[in-house]
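# Structural overview for review
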Amino acid sequence: MEQEHKSVEKIWRKYLTSIGESTYNTDKNYTSWHFCDNEKSANDLAKLVRGKIKRGTSSLYYFYGVENEDLPMEDNHSIITTWNGIAQCVIKTKKVTVLPFKDVNEKFAKIEGEGDKSLEYWRKVHIDFFTRELKELEMEFSQDMLVVFEEFEAVYK
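Cut-offs used in this document
Residues numbered from 1 in each chain as written. Predicted model: local features only at pLDDT ≥ 70, side-chain atom pairs only at ≥ 80, totals over all residues. Heavy atoms only, no water. Phe/Tyr/Trp six-rings, centres within 6.5 Å; stacked < 30°, edge-to-face > 60°. Helix = DSSP H or I, 4+ residues; strand = E, 2+ residues; numbered from the N terminus. Buried < 20%, exposed > 50% of the residue type's maximum accessible area, 1.4 Å probe, protein only. Lys NZ or Arg CZ within 6 Å of the ring centre and 35° of its normal. Core = buried A, V, L, I, M, F, W, Y, C linked by side-chain atoms within 4.5 Å. Patch = residues over 30% accessible without salt bridge, like charges linked within 9 Å, V, L, I, M, F, W, Y side chains within 5 Å. Areas by Shrake-Rupley, 256 points an atom, 1.4 Å probe, with all protein chains shown as cover. Salt bridge = Lys/Arg side-chain N within 4 Å of Asp/Glu carboxyl O. Lys, Arg positive; Asp, Glu negative; His and termini not counted. Charge placed at Lys NZ, Arg CZ, Asp CG, Glu CD. Contact = heavy atoms within 4.5 Å. Pairing = 2+ DSSP bridges. Axes fitted to C-alpha atoms, helices over the stretch in contact; angles between N-to-C directions.

Aromatic ring pairs are reported here in terms of the distance separating the ring centres and the angle at which the planes meet. Summed over all chains, the structure comprises 11 aromatic pairs. The interplanar angle of 80° and the centroid separation of 6.2 Å between the aromatic rings of Phe-101 and Phe-130 together place this pair among those described as edge-to-face. One end of the pair, Phe-101, is in the loop between β4 (87–100) and α4 (106–112); the other, Phe-130, is in helix α5 (residues 119–135), and 29 residues separate them in sequence. In terms of burial, Phe-101 and Phe-130 fall into one category: buried. Put simply, the rings of Phe-101, Trp-122, Phe-129, Phe-130 and Phe-141 pair up and form one aromatic cluster. Sitting over the face of the ring of Phe-35, Lys-54 holds its NZ or CZ atom 5.1 Å from the ring centroid.

Here it is, written out as structure tokens:
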């Protein structure tokens, strides 16, 4: 297992202090992760979250089962990192919606805050990304596949 960068624990402690808690008296926990499958996109998207432009993300529902991961839940905390694992900010999940890819609308695209924030842009980059992810499993993307759409708020940077 990869070692977490020291900045991750540091930002978590600072966040807890900012809300009057500490690692000793909190029931909160976090996951840390970066966006996307390449360094440039991961770092660019982290900047959008820090700037409170990107307030959501989406992933294929299928991968939660394959990777034996729990779906994100309301009030979950995550630490967004750069590609190299350096903490950028703490986010808190506000809402999780599971829906077919084809039903993602302009509102969701705008919340994701990427590119020109249009549904057309959102669909293009996500089809490309999901196709790359699925290719590793020798699967093909379908617009009927379920997407997990997570809305969040940057609560500390």
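Attention now goes to the nonpolar core. Leu-60, Phe-101, Val-104, Trp-122, Phe-130, Leu-134 and Phe-141 are the most contacted members of the largest nonpolar core, which has 17 residues in total. In terms of residue count, the dominant contributor to this core is α5 (5 residues). Ranked by size, the runner-up nonpolar core spans 9 residues in total, among them Phe-35, Ile-80, Phe-152 and Ala-154.

So, on to a positive patch on the surface. Taken together, the side chains of Arg-55, Lys-94, Lys-110 and Lys-117 make up a positively charged region of the molecular surface. Its location among the elements puts Lys-110 in helix α4. Take Lys-110: its relative accessible area is 53%, and that puts it in the exposed class.

Looking at the element boundaries, Met-145 is found in the loop between α5 and β5 (146–156). Relative accessible area serves as the criterion here: at 17%, Met-145 is assigned to the buried category. Between the alpha carbons of Met-145 and Lys-102 there is a distance of 8.2 Å; along the sequence they are 43 residues apart. The contact partners of Met-145, leaving out residues within four places of it in the chain, are Leu-60, Leu-99, Pro-100, Phe-101, Leu-134, Met-139 and Glu-140.

Take the sheet that holds β5 next. Taken in spatial order, the 5 strands line up as β1-β3-β4-β5-β2 in an open sheet, and their pairing is mixed. Since the sheet does not close on itself, it has two edges, and those belong to β1 (30–33) and β2 (56–60), each with one partner. Averaged over all pairs of adjacent strands, the angle between strand axes in this sheet comes to 35°, irrespective of strand direction. Sheet topology note: the β1/strand β3 (residues 77–81) ladder contains 4 bridges and is parallel. Paired with Tyr-30 across the bridge in β3 is His-77.

The values reported here are purely geometric and, on their own, carry no functional implication.
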